[in-house]
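# Coordinate inspection notes
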Amino acid sequence: MKGKILVTGGTGFIGSHTAVELINEGYEVVIIDDLSNSTTDVLDGIEKITGTKPSFHQFNICDEHQLKAFFEKEKDIDAIIHFAASKAVGESVEKPILYYRNNIGSLVNLLEEMNNVGVKHMVFSSSCTVYGQPEKLPVTEQTPVQPAESPYGNTKQICEEILQDTTKAHGNLNTIALRYFNPVGAHETAHIGELPNGVPANLVPFITQTAAGLREQISVFGSDYNTPDGTAIRDYIHVVDLAKAHVIAVSRMVEGKNKANYECFNIGTGTGYSVLETVKKFEEVNGVNLNYKIVDRRPGDIEQIYADTTYANEELGWKAELGLEEMMRSAWKWQLRVVGKD
Ligand code: WQD
């Protein structure tokens, strides 16, 4: 084995795809998840793809007693990839305390335990939401962080600062923050994918559920933006490309190749697509017609953002390989599997 990696939030959308890529790369994977937004069926999906079922511990890492007990049992962890967090922007506006407690409390507990037991490396799940609405596009890692538009975005900014302060204080701690753009799609086998609870807040799961007849119509939030077709632009990235970036980042630290004890990388494709372009690409690739209507803008949305990925390309040696077509194709194949129509 190349090493033993703890994946917190490992039965979630990005966590499960990362577990697959870690196993494929020869790592042993241990998952902690409280199953607040996923089920253990995901472990079966990981096993169907890789032939290996990761060991699984169900608890919330805000519970420091359970976290201590975990580290007493699971020895020799080489690194942690920390996904476990609440991530719904809209919900964070309604329930800020839940977001600050969960997203910040879990990171603080983990860092404390890492220091106690001597785990030296962490990859942290950050977000392009830290940039707010950038003045200049594409955004680089030097683009100034803007005041967060939501408590969710604020927790990501605060967590990045906690990582920077902690690595400065503890010389032997290495951390890499990956700022995701918009993760979409599913593993090509359709054994794992995105399973949003309730009505999807995000565009692509809403598209696939509308195409599957689970939703009446897609509401396109705003067509009066200063963009070519008036709808907002995002940098959609295939979840498998994103997962592979985590494997490269954790290997970079485990193999001692990181050049500072806090590093941060934009993980996007560098290409932005509008909402209407994304809807039309889904229709074209999957041969379906989507029912949509233009409505008012969604409060808190930014107009456009897409990444300058030069630093990740050159420094990490990582580049997104899958385009919007494969994102839309895999998302649809997964949705058909979920509704039993595949
Ligand atoms: C994309 C575009 C909407 C739904 C997400 C996560 C955030 C972060 C970045 C990880 C926007 C439009 C959406 C719909 C629509 N990820 N839209 N109709 O808001 O960019 O942020 O990715 O940290 O956590 O929330 O993604 O998919 O919600 O929206 O028109 O029914 O689609 O206005 O322009 P967003 P999204």
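Residues numbered from 1 in each chain as written. Predicted model: local features only at pLDDT ≥ 70, side-chain atom pairs only at ≥ 80, totals over all residues. Heavy atoms only, no water.

- As recorded in an unreviewed UniProt entry, the protein chain goes by UDP-glucose 4-epimerase and comes from Marinoscillum furvescens DSM 4134.
- For the record of the protein chain, the UniProt heading Catalytic activity (unreviewed entry) holds the text "UDP-alpha-D-glucose = UDP-alpha-D-galactose".
- The UniProt entry for the protein chain carries the following text under Pathway (unreviewed entry): "Carbohydrate metabolism; galactose metabolism." (UniProt positions renumbered as here; feature names shortened; annotations may be inferred.)

## A closer look at helix α5 (residues 96-117)
- End to end, α5 covers 31 Å across 22 residues, agreeing with the expected 32 Å (1.5 Å per residue, within 8%).
- For α5, every residue scored as buried is listed here: Tyr-99, Asn-102, Asn-103, Ile-104, Ser-106, Leu-107, Asn-109, Leu-110, Leu-111, Glu-113 and Met-114.
- For α5, the elements touching its buried residues are β1 (4-8), α3 (64-73), β4 (79-82), α4 (89-94), β5 (121-127) and α6 (151-169). (Helix = DSSP H or I, 4+ residues; strand = E, 2+ residues; numbered from the N terminus. Expected span 1.5 Å × (residues − 1). Buried < 20%, exposed > 50% of the residue type's maximum accessible area, 1.4 Å probe, protein only. Contact = heavy atoms within 4.5 Å.)

## Topic: the site of the ligand
- Around the ligand, a shell composed of 18 residues is seen, among which Tyr-152, Leu-203, Ser-219, Arg-234 and Asp-301 lie nearest.
- Asn-182 has a polar side-chain atom sitting 2.9 Å from an oxygen atom of the ligand.
- Separating a nitrogen atom of the ligand from a backbone N or O atom of Ser-219 is a distance of 2.7 Å.
- Looking at which element gives the most residues to the shell around the ligand, the answer is strand β8 (residues 218-221), with three residues. (Near = heavy atom within 4 Å. Polar contact = N/O pair within 3.5 Å; in protein donor to acceptor, adjacent residues only side chain to side chain.)

## Concerning the packing of aromatic side chains
- Taken as a whole and judged by the stated rule, the model has four aromatic pairs.
- Relative to Phe-70, the ring of Phe-59 lies with its centre 6.2 Å away and its plane at 50°, an arrangement referred to as tilted. With Phe-59 in the loop between β3 (55-57) and α3 and Phe-70 in helix α3, this pair connects stretches of sequence that are 11 residues apart. Residue Phe-59 shares its accessibility class with Phe-70, and that shared class is buried.
- Where Phe-265 meets Tyr-311, the ring centres are 4.6 Å apart and the plane angle is 15°; that geometry is what we call stacked. (Phe/Tyr/Trp six-rings, centres within 6.5 Å; stacked < 30°, edge-to-face > 60°.)

## Digging into the layout of surface pockets
- Approximately 180 Å³ is the volume attributed to the second largest pocket.
- Forming the boundary of the second largest pocket are 13 residues, of which Asp-41, Val-42, Gly-45, His-191 and Trp-334 lie nearest the centre.
- Here the lining of the second largest pocket takes five residues from helix α2 (residues 41-50), the largest share from any one element.
- Counted by class, the lining of the second largest pocket contains five nonpolar, four polar and four charged residues. (1 Å grid on protein atoms, 1.4 Å probe; cavity = no way out; pocket = protein on both sides within 12 Å on 5 of 7 lines; lining within 4 Å. Points joined across faces, edges and corners; volume = space filled by probe spheres on them. Nonpolar A, V, L, I, M, F, W, Y, C, P; charged D, E, K, R; others polar.)

## Considering the sheet that holds β3
- With parallel pairing, seven strands are arranged side by side in an open sheet as β3-β2-β1-β4-β5-β6-β11. With one partner strand each, in any of the chains shown, β3 and β11 (262-267) form the two edges of the open sheet. Averaged over neighbouring strand pairs, the angle between their axes works out to 20° when direction is ignored.
- Sheet topology places β1 next to β4; four bridges connect them, and they run parallel. Considered in β4, the bridge of Leu-6 is made with Ile-80.
- Contacts from helix α1 (residues 13-24) reach β1, β2 (28-32), β4 and β6 (174-180) within the one sheet, and its direction differs from that of β2 by about 160°. (Pairing = 2+ DSSP bridges. Axes fitted to C-alpha atoms, helices over the stretch in contact; angles between N-to-C directions.)

## Here we look at the nonpolar core
- In this structure, Ile-5, Leu-22, Ile-46, Leu-178, Val-250 and Ile-267 are the most contacted members of the largest nonpolar core, which totals 36 residues.
- Discounting residues that sit within four places of it in the chain, Val-250 has contacts with Ile-5, Leu-22, Tyr-27, Ala-79, Ile-81 and Val-123.
- Judged by nonpolar contacts, the second largest core, of 25 residues, contains Ile-32, Phe-71, Leu-110 and Cys-264. (Core = buried A, V, L, I, M, F, W, Y, C linked by side-chain atoms within 4.5 Å.)

## Concerning α6
- Compared with an ideal rise of 1.5 Å per residue, which puts 19 residues at 27 Å, α6 spans 26 Å between its outermost C-alpha atoms and is within 8% of the ideal.
- Considered for burial, the residues of α6 that qualify are Pro-151, Tyr-152, Gly-153, Thr-155, Lys-156, Gln-157, Cys-159, Glu-160, Ile-162, Leu-163, Thr-166 and Thr-167.
- Of the surrounding secondary structure, the elements contacted by the buried residues of α6 are α4, α5, β5, β6 and β11.

## Comments concerning the side chain of Thr-227
- Relative to the helices and strands, Thr-227 is located in the loop between β8 and β9 (233-234).
- Judged by relative accessible area, which is 10%, Thr-227 ranks as buried.
- Engagement of the side chain of Thr-227 in a polar contact is seen with the backbone oxygen of Thr-231, the distance being 2.8 Å.

## Observations regarding unusual backbone geometry
- Cis geometry is adopted by the peptide bond preceding Pro-138, which originates at Leu-137 and carries an omega value of -5°.
- Of note, Pro-138 is situated in the loop between β5 and α6.
- Residues other than glycine seldom take positive phi values, yet Leu-35 does so here, at roughly 60°.
- Relative to the elements of secondary structure, Leu-35 occurs in the loop between β2 and α2.

## Quick look at the pairing of β4
- The alternating pattern of β4 places Ala-79 and Ile-81 and Ile-80 and His-82 on opposite faces, both of which are buried.
- Judged from the three bridges that link them, β4 and β5 form a sheet pairing that is parallel. Opposite Ile-80, over in β5, you have Met-122 as the bridge partner.

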